[in-house]
Amino acid sequence: MSSFKVTIAGSGLTGLTLALLLAKRGVEVLLLDEKSEIGKGSKAICFSRRTLEIFDKLGVVKPVFGQGVQWNKGRIFFRNQEIHSFDLLPDKYAKYPAFVNISQYEVEKILVAAVQQEKLIDMRWQHRIKSLETSIEGNTIQIITPEGEQALTSDFLIACDGSKSTIRRLMNLEMTGSRSEEKFLIIDFRMEADFPSERWFWFAPPHNEQETILLHKQPNNIWRLDVKLGKEVPETIVNDHDFVIKKIKQVVRDKPVSIDWVSLYRFSNKMLENFVHGSVVFAGDAAHVFSPFGARGANSGMHDADNLAWKLAEIVNNKATAKLLQTYNHERLGACKQNITCTINSTQFISPPTVKAISVRDSILLQAVGDVVAKKQINCGRLSVPNAYSSYSHSEEGEWNSIETSPGRCIKDCLMYDGYLIEKLNSEFTLLINSDNHSANIDTDFAANNIHILAITNDGSPALIDLYELTPDAAYLITPDQYILGRWKNFTPDLAISLKEIYLSGSLTDMISHTPSEQDLIDNEVAILLAEE
Ligand SMILES: Cc1cc2nc3c(=O)[nH]c(=O)nc-3n(C[C@H](O)[C@H](O)[C@H](O)COP(=O)(O)OP(=O)(O)OC[C@H]3O[C@@H](n4cnc5c(N)ncnc54)[C@H](O)[C@@H]3O)c2cc1C
């Protein structure tokens, strides 16, 4: 029987990203998928800055970025009036924009091409996992292939096998959460139009006040229309060409169009209670599913992969014990709960559950035209941003102004004198310090502890010194997946070295919980308002 250290089930975006990240760290991977080729269909189109930053690490960002449509602006309409617009502020110091739109199929194609170049990844199509015996020591996996059944063993099995995960079923694990009653028609259509590449969202459009509509541009003159049709529509509606064309025309009027792909969805917001089960780890849709209004599904799956890959590599290379996986479990469960809360709140605002809730929602929308508070309450999807994790209670010292660079946050990219911060962070732990605090002793101490040093000069990278409040004695410890683990105003080397050790040991006892943002609190308040009978 063949033996592997890491087997990934599923070559969707999560599995492909994880395989590439592991291979970059020198880990051999077996990547299995039951399909015979990349799946077509209308799925993800919005890819976030953080995802582009991960693609940058993998060397695949150019084709994604090159083909994708960049956008920052969103406009929101209620009945026949524009009530709000927002700008996901192009961050002048970041290398990548807030989002690019490109079809999931195209991104998977780019990732598969990269996987095929990687000697450490053994990718096998038409390999369906059929059964599994698992224990803390490892897994015996039975696979159906065109040549017949095969068995193999693997120290770790990473379940990236999607929302209907076979591995979840084989392990008798169930996701909990809710599924919307409402059905949404997703239409990808071709149209040559000079509409701007903005996200347009209509609540109660004049032709049918029960609907909501989302229109968004993709590359090559393809547009995505997402229409809430209600609970009663039959599944066969997708084959009703005239109906689909009518839906498109209600939005784009007399422009010539042709249909590329149509599907009907009911969206779920569900998650597993734990992502780590002995030597089996769940990631992406196999671990959680979200309604797509915040573009959090695929993006968060790839963020799971980024969190998991370096930890798995440390374990496989005997530099950490499997307990380190508990940090993955803790952090990505926390991220998932934030995503679920966000998407449930969005779903509730888009599809209020009762007549009374509809009238509460509509009064917020009516008020929003001239009212800043009401504008903040509009929720047609809070778009994916890197989730904030809880931090160690002793991982911050001193007075800081910005919460954006506090422990538990993903680093904020910043232009430096010779490139961007995301390019300078090593694939290991990094100590970010002011060059005034840099000495030969620090170099020696940190080299011995495998911590890379990034020393910043005041005059060379003033924007970064400013953003990170990097005063002469200050320092940050950054994880290999580019999250801030600690920051100190009066830094001494032992602080960073011991924090790294605690983190690698997987001891989570002194974690503190995530503080909700101001927007989270507003959304939760509105959700309660909508749910009140
Ligand atoms: C209409 C729509 C719009 C969306 N828009 C967005 C968006 O804009 N942004 C965003 O971030 N997300 C979006 N999503 C969500 C996104 O599509 C999913 O979150 C994403 O596909 C999850 O990727 P994954 O790799 O985890 O799972 P999947 O893509 O489902 O991949 C799972 C893989 O596992 C394989 N597999 C399954 N069972 C087995 C088995 N037994 N053995 C071997 N292989 C197996 C499957 O063949 C498949 O290739 C959208 C979803 C929908 C439906």
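In this text the structure is predicted, and so the values were computed from the model without any measurement.

Quick notes on the site of the ligand
At step 1: Surrounding the ligand, one finds 32 residues, the nearest of these being Thr 14, Asp 33, Lys 35, Gln 104 and Thr 166.
At step 2: At 3.1 Å from an oxygen atom of the ligand is found a main-chain nitrogen or oxygen belonging to Leu 13.
At step 3: The contact in question runs from an oxygen atom of the ligand to an N or O atom on the side chain of Thr 14, over 2.8 Å.
At step 4: Bound to the protein, the ligand loses 91% of the 1000 Å² it would expose on its own.
At step 5: Counting only elements with at least two residues in the shell around the ligand, the list comes to helix H1 (13–24), strand S9 (128–135) and helix H7 (297–316).
At step 6: Top contributing element to the shell around the ligand by residue count: H7, with three residues.
At step 7: Residue classes in the shell around the ligand are distributed as 12 nonpolar, 11 polar and nine charged.
At step 8: Residue-level mapping places the shell around the ligand at the junction of two domains, with at least three residues from each of domain 1 (2–67 + 100–177 + 274–322) and domain 2 (181–266).

Some points on the pattern of salt bridges
At step 1: This model, assessed by the stated rule, comprises 26 salt bridges.
At step 2: Two residues, Asp 362 and Arg 79, come together in a salt bridge whose shortest N-O distance is 3.7 Å. Placement of the pair is Asp 362 in helix H9 (residues 355–367) and Arg 79 in the loop between strand S5 (73–78) and strand S6 (81–87), with a sequence separation of 283 residues.
At step 3: Given a relative accessible area of 12%, Asp 362 falls into the buried group.
At step 4: Looking at Arg 79, the relative accessible area reads 28%, which means it is partly exposed.

Things to note about the side chain of Arg 50
At step 1: Its location among the elements puts Arg 50 in helix H2 (residues 49–58).
At step 2: Within the structure, the side chain of Arg 50 is placed 3.4 Å from the side chain of Asp 306, a separation counted as a polar contact.
At step 3: Residues within four places of Arg 50 in sequence aside, it is in contact with Lys 57, His 303, Asp 306, Pro 386, Cys 410, Asp 481 and Gln 482.

Regarding the pairing of strand S25 (residues 429–434)
At step 1: Counting buried residues in S25 gives six out of six residues, a clear majority hidden from the surface.
At step 2: Of the two faces of S25, the one lined by Phe 429, Leu 431 and Ile 433 and the one lined by Thr 430, Leu 432 and Asn 434 are each fully buried.
At step 3: Both S25 and strand S26 (residues 451–456) contribute to a ladder of six bridges, which runs parallel. Within S26, the residue paired with Leu 431 across the bridge is Ile 453.
At step 4: Regarding topology, helix H12 (residues 440–448) serves as the crossover connection from S25 to the parallel S26, and that connection is right-handed.
At step 5: Bridge analysis of S25 against strand S27 (residues 475–478) gives four bridges, and the strand direction is antiparallel. The residue of S27 that forms the bridge with Thr 430 is Ile 478.

Points about the side chain of Arg 332
At step 1: Considering the arrangement of structural elements, one finds Arg 332 in helix H8 (residues 325–350).
At step 2: By relative accessible area, which is 1% here, Arg 332 ends up buried.
At step 3: Engagement of the side chain of Arg 332 in a polar contact is seen with the side chain of Asp 304, the distance being 2.6 Å.
At step 4: Arg 332 has contacts with Phe 275, Ser 300, His 303, Asp 304, Asn 307, Asn 387 and Tyr 389, leaving out every residue within four places of it along the chain.

With respect to the sheet that holds strand S16 (residues 222–230)
At step 1: Spatially, the seven strands line up as an open sheet ordered S6-S5-S14-S15-S16-S13-S17, and their pairing is mixed. Of all strands in the sheet, those with a lone pairing partner are S6 and strand S17 (257–265), marking the two edges. Averaged over all neighbouring strand pairs, the angle between strand axes comes to 15°, with direction disregarded.
At step 2: By the bridge criterion, four bridges tie strand S14 (residues 199–203) to strand S15 (residues 212–217) in an arrangement that is antiparallel. Bridge assignment links Trp 200 to a residue of S15, and that residue is Leu 215.
At step 3: Here H8 sits on the sheet and contacts strand S13 (183–191), S14, S15 and S16; the angle it forms with S14, its principal contact strand, is near 50°.
At step 4: Across the sheet, H9 lies against S5, S6 and S14, angled at about 115° from S5, the strand it touches most.

Notes on H8
At step 1: Its 26 residues give H8 an end-to-end C-alpha distance of 36 Å, which sits within 8% of 38 Å, the value for a rise of 1.5 Å per residue.
At step 2: Burial runs high along H8: 20 of the 26 residues are buried.

A word on the domain arrangement of the protein chain
At step 1: Split by domain assignment, the protein chain resolves into domain 1 (2–67 + 100–177 + 274–322), domain 2 (181–266) and domain 3 (396–505).
At step 2: Computed over C-alpha atoms only, the centres of domain 2 and domain 3 are separated by 47 Å.

What counts as what
- Residues numbered from 1 in each chain as written.
- Predicted model: local features only at pLDDT ≥ 70, side-chain atom pairs only at ≥ 80, totals over all residues.
- Heavy atoms only, no water.
- Near = heavy atom within 4 Å.
- Polar contact = N/O pair within 3.5 Å; in protein donor to acceptor, adjacent residues only side chain to side chain.
- Areas by Shrake-Rupley, 256 points an atom, 1.4 Å probe, with all protein chains shown as cover.
- Helix = DSSP H or I, 4+ residues; strand = E, 2+ residues; numbered from the N terminus.
- Nonpolar A, V, L, I, M, F, W, Y, C, P; charged D, E, K, R; others polar.
- Domains from an automatic or database assignment.
- Salt bridge = Lys/Arg side-chain N within 4 Å of Asp/Glu carboxyl O.
- Buried < 20%, exposed > 50% of the residue type's maximum accessible area, 1.4 Å probe, protein only.
- Contact = heavy atoms within 4.5 Å.
- Pairing = 2+ DSSP bridges.
- Right-handed = clockwise from strand over helix to strand, strands pointing away.
- Axes fitted to C-alpha atoms, helices over the stretch in contact; angles between N-to-C directions.
- Expected span 1.5 Å × (residues − 1).

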